Amino acid sequence: MSSTQRPILFVSLPEAGLLNPLLVLVEELSRRGVPDLWFVADEKARAGVEAAEVGSPIEFLSLGDVTPEMSSVTWPDEVYRRVTQSSRFKAHRAVIEQTHRPEQRVPKYRALEEAVAKVQPALMVIDCMCQFGHELAITEKIPFVLSDTFVPSYLYTSAVPIGKSYTPPDFPAPNSGLPLKMNVRQRLANRLFRWRTLSLAFSSMMKERNARDAEVRAELGIDPAAYGQFTRVEAAEMVLCYAVPEMDYPFELPDGLRTVGAMVPPLPQAPADELTRWLDERKSVIYTGFGTITRLTAGQVRSFVRSSGGWRGSTTCCGSCPRTSRSGSPRSCPPTCASSRGCRRSWTCSRTRT
């Protein structure tokens, strides 16, 4: 490879919410004619990466099939119910128990290692949830930018009550669902949430998995410098956050964090069609998007459609949810949300386009 070439290697997990901002970014670089663009992800991302090539080439390297245990889209229904249950801490614990499986990242790390050896990137742009990505970048001493799809505080708030944190001591714990201004009961709940998170490390299951994690790190030759709660943000050249501070609870933003707002592709993404005309014909539309991993029950879909019929005036509703929830759509809409009100029951492929 010529010394004048400066390859940029993008790395992402397959979830749409993590992948899509990187597709927008790599598409823009392709549009501007930036050379030596490479993208590494699971095979299911190939079509999206190929579609992003609108100028200079984007080479795609596959990490193979999606690992079902590690992808929230393919979790069994019983796992989904556990990680979305009403108890915040039990749901938090269920996510940790489901995702902390050290051996699952071995084949992905090896495949990425091969890709890095082939591409020899000057810079990597890595999805913040892709642990094997930032571990390899740190181990190989490759500069990297971290792609952050959460609010700024998420990656900078300690999950446990001891050690370093970039947010104040009484800042709401990640995944606790607590407000910034808390009453006495909420403050106690916040502290307890962190202590309970710390206590998980002492369970027999987590002790076994942490021991296995140490073995995996040794097996893969991962630099010990890659280990730590805040390593990914501290080792990154920049953390690119697709939110704005006003969406988050206030705290002093660390150096290296850049909040750029939503990554929206050039619009329109497709010629005008029935959906475009439907939106243009209406004075006021409330749009609801439930995300790609949400699984609505038939009852939840029916309740949402019926509630939309209660809005007065000229306001209508346009909803977007995964195809897995389509079977729950009612055969007919409430009278106040019928065709005269413009109830939309088909499915859209692009939230940004909508």
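The structure we're discussing is the one just above.
This section reports on the structure supplied with the text. (Residues numbered from 1 in each chain as written. Predicted model: local features only at pLDDT ≥ 70, side-chain atom pairs only at ≥ 80, totals over all residues. Heavy atoms only, no water.)

## Considering the side chain of T67
Here's step 1: Relative to the helices and strands, T67 is located in the loop between β3 (58–62) and α3 (77–83).
Here's step 2: Its relative accessible area of 16% is what places T67 among the buried residues.
Here's step 3: Aside from chain neighbours lying at most four places away, what touches T67 is D42, T74, Q104 and K108. (Helix = DSSP H or I, 4+ residues; strand = E, 2+ residues; numbered from the N terminus. Buried < 20%, exposed > 50% of the residue type's maximum accessible area, 1.4 Å probe, protein only. Contact = heavy atoms within 4.5 Å.)

## Let's talk about helix α5 (residues 106–119)
Here's step 1: End to end, α5 covers 20 Å across 14 residues, agreeing with the expected 20 Å (1.5 Å per residue, within 8%).
Here's step 2: Packed against the buried residues of α5 are β1 (8–11), β2 (37–41), β3, β4 (123–127), α6 (131–139) and α8 (204–220).
Here's step 3: In the segment just after α5, Q120 is the residue with positive phi, at about 50°. (Expected span 1.5 Å × (residues − 1).)

## Re the packing of α5 against α8
Here's step 1: With their axes 11 Å apart at the nearest point, α5 and α8 run at an angle of 20° to one another. By the angle class used here, α5 and α8 are roughly parallel. Crossing angle aside, the handedness with which α5 passes α8 is right-handed. Contacts between α5 and α8 pair V106, Y109 and R110 from the former with V216, E219 and L220 from the latter. (Axes fitted to C-alpha atoms, helices over the stretch in contact; angles between N-to-C directions. Parallel < 35°, antiparallel > 145°, perpendicular 65-115°, else oblique. Left-handed = near helix turned anticlockwise from the far one by under 90°.)

## Description of the nonpolar core
In globular proteins that are soluble, nonpolar side chains generally tend to be buried together.
Here's step 1: Counting 38 residues, the largest nonpolar core has L9, V11, L112, M124, F144 and L146 as the members making the most contacts within it.
Here's step 2: Contributing elements (two or more residues each) for this core: β1, β2, α5, β4, α6, β5 (144–148), α8 and β6 (238–241).
Here's step 3: Of all the elements, α5 adds the most residues to this core, at six residues.
Here's step 4: If you look at the next biggest cluster of nonpolar residues, it comprises 20 residues, including L22, L23, V49 and F60. (Core = buried A, V, L, I, M, F, W, Y, C linked by side-chain atoms within 4.5 Å.)

## Observations concerning the packing of aromatic side chains
Here's step 1: The final tally for this structure, using the stated rule, is seven aromatic pairs.
Here's step 2: Aromatic pair F171 and F251: ring centres 6.0 Å apart, planes at 70°, arrangement edge-to-face. Of this pair, F171 sits in the loop between β5 and α7 (184–199) while F251 sits in the loop between β6 and β7 (257–259), and the two are 80 residues apart along the sequence.
Here's step 3: On the basis of relative accessibility, which here comes to 3%, the residue F171 falls in the buried class.
Here's step 4: One aromatic cluster in this structure is built from Y156, Y166 and F230. (Phe/Tyr/Trp six-rings, centres within 6.5 Å; stacked < 30°, edge-to-face > 60°.)

## Things to note about the pairing of β5
Here's step 1: For β5, a buried count of five out of five residues is recorded, marking the element as mostly surrounded by other parts of the structure.
Here's step 2: Both β4 and β5 contribute to a ladder of four bridges, which runs parallel. When the bridges of β5 are listed, M124 appears paired with F144.
Here's step 3: On the question of chirality, the crossover connecting β4 to the parallel β5 by way of α6 is right-handed.
Here's step 4: Where β5 and β6 come together, four bridges link them in parallel fashion. Note that in β6 the partner of L146 across the bridge is V239. (Pairing = 2+ DSSP bridges. Right-handed = clockwise from strand over helix to strand, strands pointing away.)

## Details of the sheet that holds β6
Here's step 1: Strand order in the open sheet made by the seven strands is β3-β2-β1-β4-β5-β6-β7, with parallel pairing throughout. Single-partner strands in this sheet number two, and they are β3 and β7. Strand-to-strand, the axes of this sheet are offset by a mean angle of 20°, without reference to chain direction.
Here's step 2: Lying on the sheet, α6 is in contact with β1, β4 and β5; it crosses β4 at an angle near 155°.

## Some thoughts on the side chain of S56
Here's step 1: Among the structural elements, S56 can be located in the loop between α2 (46–51) and β3.
Here's step 2: The class of S56 is buried, set by a relative accessible area of 9%.
Here's step 3: Ignoring anything within four residues of it in the chain, the contact list for S56 reads L29, S30, G33, V34, P35 and L37.

## Considering unusual backbone geometry
Here's step 1: Backbone geometry at D36 places phi at a positive 55°, although glycine is not the residue there.
Here's step 2: In this fold, D36 is placed in the loop between α1 (16–31) and β2.
Here's step 3: Its identity is not glycine, yet Q120 carries a phi of approximately 50°, on the positive side.
Here's step 4: When you line up the elements, Q120 lands in the loop between α5 and β4.
Here's step 5: By relative accessible area, Q120 is classed as exposed at 52%.

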